[in-house]
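# Summary of the model geometry
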Amino acid sequence: MTRIPSRRTALRGLVGASAVVVGFDPFTRGWAVTDTGRPLSGIPRLDGTLLTDDASLTADADDFGHIVHRRPAAVLRPGSVRDVVAMVRFCNLHGLSVAPRGQGHGTNGQAQVEGGLIIETEPLASIGPVRTDSSRVTVGAGAKWSDVAKATLAHGLTPPVFTDYLELSVGGTLSVGGLGGQTHRHGAQVDNVLELEVVTGAGELLRCSPSRHRDLFHAVLAGLGQCAVIVGATLRLVPAPETVRHYILPYGDLQTFLDDQQLLATEGRFAYLEGQVGADTAGAFNQFAIEAVAYGPPVGDTPDDTVLLRGLRYAASGAQITDLGYYDFLDRLAPSVAALKEAGLWAYAHPWLNLLLPGRSTADLATTLLGALTPADLGPGVVLLYPLLRDRLHTPLLRMPDDPVPYLFAVLRTTPPEDTATVQRLLSANRSAYDTVRAAGGTQYPVGSIPFQHTDWKRQFGPVWSRFAEARRTYDPKGILVPGQGVF
């Protein structure tokens, strides 16, 4: 991705609107904007900007979770991949921690770093070129999936897997996995990456793939930023439908809901398959709905309701069936997100719980976890429960239960951030839920807020831990990358 347009300037960095960062003071381990009288380490020449103003540091000491606040010493807004290389090398030399930040959608300080450098990847947002006869596109790590979709759809193509919320960066979701309703067919987003361009923790710019630097490739995908900063990715593309048929199928019984989901997942009857859980009027979480989507021409036949719904035991009187344009379906959360922002709820704390359950135990585990959940503790959030297929998931660091049909269980909580007692109670509840699931052979999907220690991460990665640790020693020997999660 080195062809990103350069904005080379003679400035070494900017603070606010005009103050210039003149160097790094090894004595105070801070960025100097005036002469300190002590020898300073010069800042590399940059195409972009290096910021130490209060507004920039405060913004990057927060994330979508609004729970953890680690204040960096500086923020890099790169004008090129060269800037990332130069500043990672600089931080390596001076022992400064580094974390990349895309859209800041982490919920537990994953992309924060105390006293170090945040690299905002948003400027690295190039896409393409895209050709109609192509099966791939190369994009910058800061490109949002919404923009990737728009660019590729102009040529009748699409990435095969999307998360439900499109305004996330490519580099961000590839660092954790990228699960969605198409995963039962195509795997996670990380399973659809052909090549990466990364800057290692040692400051080396490398391309990696299944055939080149294979160990690095597998240590970066779903690797939580521990070995390298993703600056670009080449993604697989498939033909896109023009329209889809969207189904909401209600269920009043958990086991029937799960059985029908598993049937649909294993048959591959729908292109997209998820599920939601809601509360009844008494506050019990016993209302279930399958969300399924069939793709229409030119990638499939016009959906036939009789064929697609045959044998399913949903409550027919409550079913909702809608035809949508493909992008309208992908971006269907946009109106809800706009409403949450207008109501101020987007700025609430989000102590999310994201777990991966073994299919054989999903009914029992879901009964236990939902039984402990109250509408007050969920707030204006949602509960997701839907199946994946293990044989579609091939990325080593995206840890799945040893089960052919694992389930994603996500409690996307929303609560006032100033109510710190409730936030801490929900974090403790998340940990208890994780312990219950782990005892049954489950794992966590690491986009949520579960208190985790180094030993927990070793257990999470299990048989691939030794290879992961070896990659960390090889590609980030000084251990400067993404310390916030405590993986190493």
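Refer to the structure printed above.
What this report covers is the structure whose coordinates are included nearby. On a predicted model such as this, the values are computed, not experimentally measured, just so you know.

Attention now goes to the overall build of the chain. The helix and strand inventory of the chain stands at 15 helices and 22 strands. For 488 residues, the compact-globule estimate of 2.2 N^0.38 gives 23 Å, and the chain sits close to it at 23 Å. Its C-alpha atoms give the chain principal-axis dimensions of about 75 × 55 × 45 Å. Looking at the chain residue by residue over its 488 residues, the buried ones come to 57%. Across the chain, contacts joining residues at least 24 apart in sequence account for 71% of those joining residues at least 6 apart. Surface exposure of the chain reaches about 19100 Å², of which carbon and sulfur atoms provide 52%.

So, about the pattern of salt bridges. Counted according to the given criterion, the structure contains 22 salt bridges. Taking the shortest distance from any N to any O, the salt bridge between lysine 144 and glutamate 167 comes out at 3.2 Å. Residue lysine 144 is located in the loop between β9 (136-140) and α3 (145-153), and its partner glutamate 167 is located in the loop between β10 (157-158) and α4 (170-176); the two are separated by 23 residues in the primary sequence. The exposure class of lysine 144 is partly exposed, given its relative accessible area of 23%. Residues arginine 360 and aspartate 403 are paired through a salt bridge, measuring 3.0 Å at the closest nitrogen-oxygen approach. Taken together, the positions of arginine 360 in the loop between β19 (353-357) and α11 (362-371) and aspartate 403 in the loop between β20 (382-387) and β21 (407-412) put the pair 43 residues apart, joining distant regions of the chain. For aspartate 403, a relative accessible area of 8% puts it in the buried group.

What follows covers the nonpolar core. Leu174, Leu179, Leu196, Leu235, Leu355, Leu385 and Phe409 are the most contacted members of the largest nonpolar core, which totals 115 residues. Each residue touching leucine 174, except ones within four places of it in the same chain, is listed here: Trp145, Gln189, Val190, Val193, Leu196, Val220, Leu221, Ala222, Ile230, Ala233 and Leu235. Formed by 33 residues, the second largest nonpolar core is a distinct cluster that contains Leu51, Leu76, Val229 and Val231.

Okay, the sheet that holds strand β13 (residues 228-236) next. Spatially, 4 strands are ordered β9-β13-β11-β12 in an open sheet, and the strand pairing comes out antiparallel. The open sheet has two edge strands with one neighbour each: β9 and β12 (205-208). Neighbour-to-neighbour, the strand axes of the sheet open up by a mean angle of 20 degrees, direction not taken into account. Bridge analysis of β9 against β13 gives 5 bridges, and the strand direction is antiparallel. Following the sheet pairing, glycine 140 is matched in β13 by glycine 232. Where helix α2 (residues 81-94) meets the sheet, its contacts fall on β11 (193-200), β12 and β13, and the angle it forms with β11 comes to roughly 45 degrees.

What follows covers the sheet that holds β21. With antiparallel pairing, 8 strands are arranged side by side in an open sheet as β18-β15-β17-β16-β20-β21-β19-β22. If you trace the sheet from one side to the other, it starts and ends with β18 (320-325) and β22 (443-444), each paired once. The pairing of strand β16 (residues 272-278) with β20 spans 2 bridges and is antiparallel. Paired with glutamine 276 across the two strands is leucine 384, which belongs to β20.

This part covers the environment of methionine 400. Within the secondary structure layout, methionine 400 lies in the loop between β20 and β21. According to the relative accessible area criterion, methionine 400 is buried, its value standing at 7%. Sequence spacing of methionine 400 and glycine 442 is 42 residues, and the spatial spacing of their C-alpha atoms is 7.3 Å. Ignoring anything within four residues of it in the chain, the contact list for methionine 400 reads Leu179, Leu356, Leu388, Arg390, Leu393, Pro406 and Thr443.

Our focus in this paragraph is the packing of aromatic side chains. The description of two aromatic rings rests on the distance between their centres and on the angle between their planes. Counting across every chain of the model gives 18 aromatic pairs. For the pair phenylalanine 64 and tryptophan 346, a centre-to-centre distance of 4.7 Å together with 55 degrees between the ring planes defines the contact as tilted. With phenylalanine 64 in the loop between α1 (54-59) and β6 (74-77) and tryptophan 346 in the loop between α10 (334-342) and β19, this residue pair connects regions lying 282 residues apart in the sequence. This pair shows no difference in class: phenylalanine 64 is buried, exactly as tryptophan 346 is. Ring centres 6.0 Å apart and planes at 25 degrees place the aromatic pair tryptophan 457 and phenylalanine 461 in the stacked group.

You can see alanine 349 is positioned in the loop between α10 and β19. The sequence separation of alanine 349 and leucine 330 amounts to 19 residues, and the corresponding C-alpha distance is 25 Å. With sequence-adjacent residues up to four places away left out, alanine 349 is seen in contact with Gly65, His66, Ile67, Arg413, Thr414, Thr415, Pro416, Pro417 and Val423.

Cut-off values and rules
- Residues numbered from 1 in each chain as written.
- Predicted model: local features only at pLDDT ≥ 70, side-chain atom pairs only at ≥ 80, totals over all residues.
- Heavy atoms only, no water.
- Helix = DSSP H or I, 4+ residues; strand = E, 2+ residues; numbered from the N terminus.
- Rg over C-alpha atoms; globule rule 2.2 N^0.38 Å.
- Buried < 20%, exposed > 50% of the residue type's maximum accessible area, 1.4 Å probe, protein only.
- Contact = heavy atoms within 4.5 Å.
- Areas by Shrake-Rupley, 256 points an atom, 1.4 Å probe, with all protein chains shown as cover.
- Salt bridge = Lys/Arg side-chain N within 4 Å of Asp/Glu carboxyl O.
- Core = buried A, V, L, I, M, F, W, Y, C linked by side-chain atoms within 4.5 Å.
- Pairing = 2+ DSSP bridges.
- Axes fitted to C-alpha atoms, helices over the stretch in contact; angles between N-to-C directions.
- Phe/Tyr/Trp six-rings, centres within 6.5 Å; stacked < 30°, edge-to-face > 60°.

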